[in-house]
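# Fold and geometry: a report
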Amino acid sequence: MIFARCCLVLALLSPILSAQPLPELTPAQAKQDARVLRRALTELHPALTKYRTPAEIEAAFARFESRAGAASTRAEMFLAASELAAAIRCGHTWAQPRFNQKPAITALLTERADKLPIHLVLVEGRWLVTASATDLVRLGDELLALSDVAAPAIVPAMMPYLRADGSSDGKRLIQLSHEGDTSLMDFIWPLLHPPGPEGYAVTVRRTDGTTAALKIPAVTLAARSVALRAGRPETDADAWTTEYRDNLCVLTLPTFAFWNSKFDWRAYLTGVFAELARRGTRHLIIDLRANEGGSGEIGPFILSHLIRSPIREPANQPIGAYERAPYILARYLDTWDYAFFDRTGQVEKLGERRYLLKTKVEADIVITPQPAPFTGKTYVLIGANNSSATYLLARLIKASGAATLVGQPTGGNLRGLNGGELCWVNLPNSGVGVDIPLLGSYPTTPQPDAGIAPDVAVTRTFAARAAGRDQELETVLALIAATPRP
C-alpha cells in the first residue's frame, strides 16, 4: 500500500518536476567556483583599484559571492561572473561569450535558439531596427519594449554586465548595438529574460507612427546570420578597403588584429601611401570607428606617414600583481605563454601586490617620419570602439596634431590600459571563463579618468541613423568642402 501511494505521488509530481530545469551546480560546487574566481582576480589582476576604491571592490566581491554561491545553473554563474568582471572597470577583464570558455558555456551562449531575429542599434537612448530576419519586424522600426521591459529600462538592466576602462560609458553602450554580426544583447539578454514558447514579446513603432505588439520567434545566431545574408554577396567584415574619389581617399581599417592571418598590413599601407603620392591626393580619411584594436605596431607605422618631425610619447610603467602566480590556481588557468606565471628575477617589488616588471620597461615611444610623408590633410574617424591599439593611436594623433580626430570620445583611458600579458581562468564546475590581464599600464604622471576626445565632435541622431546617413563622414566632407583650394 505504501509503495502504491508513493508511485501515485510521483506520478502526480512528474509533470511538475519535468518542467523544472535540473540543477547544474550543487551549492558546494557553486561556492568553489566563487572562491576560485575571487582568488584569481585578487592574486593576478594588476589594477583592481585603478578605477575603484578598495571598499567598492570588496562590495563587488561580496555581491558576487552571494550571487554565485546561490547559482544552480551555468547561466546564473556566467551572469554573476560577468557582473563582477564589469565592476572592476577594466576593458580587458570579462567573460568573453565566444572565446576562452569551456564547451558547455560556449553552447549555452552561442548555439541555443534564444536570440532575437533582429539587429538593433542604440542611438540617443532609442533602439532602431537595422536588420530583420522576420517579416513581423521591419527595417526602420523602433523597439519600444522587449520581454515586457520598456525600452528606457533596457540599458539600466544591461549596464552592470558591460566592460570598459574607467568611466568610458560610450564603450559600454556601443556593445549593445549590432554594429557587427552580434552584440552583447545576444548573449546577456536571453539569460536575463529567456524567450517564451512563442519567442519574444516586443512592441515596435513603425515608420508611419503606428505601434504593434508582437510575438517574434527566437532563433540561433547561425540561422539569423544566414537569413540576413540571403541574396547578399559574401563580405569580410575585417577587410581593409581603400576608396579614391578625385582628391580624396577613404581608408577603412576595421581591425588591427591579424595574429593568425597572412595579410601583410605593412605592404598594404606602404602601397596606399605610395598611391596617394602618385595621385597627388590632398585629403585622406582614415576610418577607425569599428576598430577595437590588435597589433600595437600598426598605429605608429600609420602615424610615421603623417608626421613631419619625430614625436615622443612618455612610456608607461608595466605593473603586475605577483612574482609567481599561486600554484593552487595553476589547474584553472590557461594562456598562450605559461612563462607569464613565473616572473622570478624579473620584477621589482613596489608595495603590496605591486611589482614593476623590469623586462617590460620600455623607453619613451619615439616615432620618426617616413622619408616622404603624406603632404595632404588627414582626418581620422574615431568612436567608443577604439579601446586598445586604436585608442593608443588616437592618443598619439591627439598629442602630435598629425590629423584631425572626428567623431565621439574613444574607449580606453588616459590612466593606462591593462593587457599585454593575459590569461583566463576557467571555473572548475561551471566552466565559465573570465579573461584576466596580467599587466597594468600606469602613466608616470596623474591622468584624468577619460578617453581621447575628438577635435570635431559629432553627436549621432536617431533620425540620421534611420535615414542611413553617415554623420561623421558627412562632417569631414563638409570640412573639406570649406577648405580653400591652394
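Just so it is clear, the model here is predicted, and its values are computed rather than measured. (Residues numbered from 1 in each chain as written. Predicted model: local features only at pLDDT ≥ 70, side-chain atom pairs only at ≥ 80, totals over all residues. Heavy atoms only, no water.)

### As for the pairing of strand S8 (residues 248-252)
- In terms of residue burial, S8 counts as a mostly covered element, since four of its five residues are buried.
- Sheet analysis places strand S7 (residues 241-245) next to S8, joined by five bridges and oriented antiparallel. The partner of glutamate 243 across the bridge, within S8, is valine 250.
- Connecting the antiparallel pair S7 and S8 is a turn made up of two residues, with aspartate 246 showing a positive phi of about 50°. (Buried < 20%, exposed > 50% of the residue type's maximum accessible area, 1.4 Å probe, protein only. Helix = DSSP H or I, 4+ residues; strand = E, 2+ residues; numbered from the N terminus. Pairing = 2+ DSSP bridges.)

### What to know about empty space enclosed by the protein
- This model, assessed by the stated rule, comprises one cavity of 30 Å³ or more.
- Estimated volume of the largest cavity: approximately 100 Å³.
- Lining the largest cavity are 14 residues, with Ser82, Trp94, Ala95, Tyr161 and Leu184 positioned closest to its centre. (1 Å grid on protein atoms, 1.4 Å probe; cavity = no way out; pocket = protein on both sides within 12 Å on 5 of 7 lines; lining within 4 Å. Points joined across faces, edges and corners; volume = space filled by probe spheres on them.)

### Considerations on the sheet that holds strand S16 (residues 377-382)
- Taken in spatial order, the six strands make up an open sheet running S7-S8-S9-S16-S17-S21, and their pairing is mixed. Looking at the sheet topology across the chains shown, the edges are occupied by S7 and strand S21 (456-457).
- Sheet analysis places S16 next to strand S17 (residues 404-407), joined by four bridges and oriented parallel. The residue bridging isoleucine 382 from the neighbouring strand is glycine 407, located in S17.
- Along the sheet, helix H10 (residues 265-279) contacts S7, S8 and strand S9 (283-287); its crossing angle with S7, the most-contacted strand, is approximately 5°. (Contact = heavy atoms within 4.5 Å. Axes fitted to C-alpha atoms, helices over the stretch in contact; angles between N-to-C directions.)

### Notes on the nonpolar core
- If you look at the biggest cluster of nonpolar residues, it comprises 75 residues, and the most contacted ones within it are Leu37, Leu44, Trp127, Leu146, Ile154 and Val425.
- For this core, the element with the most residues is helix H4 (residues 74-87), which contributes nine residues.
- If near-sequence neighbours (up to four positions away) are discounted, leucine 146 is found in contact with Leu116, Ile154, Met185, Trp189, Tyr200, Ala201 and Val202.
- Ile286, Val380, Ala394 and Ala402 belong to the second largest nonpolar core, which has 36 residues in total. (Core = buried A, V, L, I, M, F, W, Y, C linked by side-chain atoms within 4.5 Å.)

### Describing unusual backbone geometry
- Within the chain, arginine 89 stands out as a residue other than glycine whose phi angle is a positive 60°.
- Examined against the element boundaries, arginine 89 turns out to sit in the loop between H4 and helix H5 (103-110).
- A positive phi angle, close to 55°, is found at glutamate 124, a residue other than glycine.
- We classify glutamate 124 as exposed; its relative accessible area is 51%.

### Here we look at the sheet that holds strand S20 (residues 440-442)
- Taken in spatial order, the four strands of this open sheet run S13-S14-S11-S20, and their pairing is antiparallel. A strand with exactly one partner marks an edge of an open sheet, and here the two such strands are strand S13 (347-351) and S20. Sheet twist, expressed as the average angle between the axes of neighbouring strands with direction ignored, equals 40°.
- Alignment of strand S11 (residues 317-320) against S20, held across three bridges, turns out to be antiparallel. Bridge pairing links proline 318 to serine 441 in S20.

### A closer look at the packing of aromatic side chains
- This structure, assessed with the given rule, holds nine aromatic pairs.
- Ring centres 5.6 Å apart and planes at 55° place the aromatic pair phenylalanine 263 and tyrosine 268 in the tilted group.
- What makes phenylalanine 263 partly exposed here is its relative accessible area of 29%.
- The rings of Trp240, Phe256, Phe258, Phe263 and Tyr268 are connected pair by pair, giving a single aromatic cluster.
- The aromatic ring of tryptophan 94 is capped on one face by arginine 163, whose charged end is 3.8 Å from the ring centroid.
- Taking NZ or CZ as reference, arginine 266 lies 4.9 Å from the ring centre of phenylalanine 301, over its face. (Phe/Tyr/Trp six-rings, centres within 6.5 Å; stacked < 30°, edge-to-face > 60°. Lys NZ or Arg CZ within 6 Å of the ring centre and 35° of its normal.)

### Let's talk about the side chain of serine 147
- In this fold, serine 147 is placed in the loop between strand S3 (142-146) and strand S4 (149-150).
- Residue serine 147 is classed as buried on the basis of its relative accessible area of 17%.
- Setting aside chain neighbours within four positions, we find serine 147 in contact with Trp189, His193, Tyr200 and Ala201.

### Overview of the layout of surface pockets
- Each pocket or cavity is described by its volume, and for the second largest pocket that value is around 350 Å³.
- What lines the second largest pocket is a set of 17 residues, and nearest its centre among them are Thr42, His45, Leu48, Thr49 and Arg353.
- Residue contributions to the lining of the second largest pocket peak at four residues, all from helix H3 (residues 54-69).
- Partitioned by chemical class, the residues of the lining of the second largest pocket number eight nonpolar, three polar and six charged. (Nonpolar A, V, L, I, M, F, W, Y, C, P; charged D, E, K, R; others polar.)

### With respect to the pattern of salt bridges
- Applying the stated criterion across every chain, the model contains 33 salt bridges.
- Residues joined by salt bridges that share partners form a network here, namely Glu179, Asp287, Arg289, Arg460, Arg465, Asp470 and Glu472. (Salt bridge = Lys/Arg side-chain N within 4 Å of Asp/Glu carboxyl O.)

### Re H5
- Among the residues of H5, Ile105, Thr106, Leu108, Leu109 and Thr110 are the ones counted as buried. Taken down its axis, H5 places every buried residue within 165° of arc, on the same side.
- Buried residues belonging to H5 abut H4, helix H8 (189-192) and helix H9 (221-229). (Arc of directions from axis to C-beta.)

### Re the packing of H3 against H4
- Following both chains from N to C, one finds H3 and H4 inclined at 175°, their axes separated by 9 Å at the closest point. Viewed along their axes, H3 and H4 adopt a mutual orientation that is roughly antiparallel. Side by side, H3 and H4 meet where Ala60, Phe61, Arg63, Phe64, Arg67 and Ala68 of the first sit next to Met77, Leu79, Ala80, Ala81, Glu83, Leu84 and Ala87 of the second.
- Looking at the contact of H3 with H4 residue by residue, the classes come out as 10 nonpolar, no polar and three charged. (Parallel < 35°, antiparallel > 145°, perpendicular 65-115°, else oblique.)

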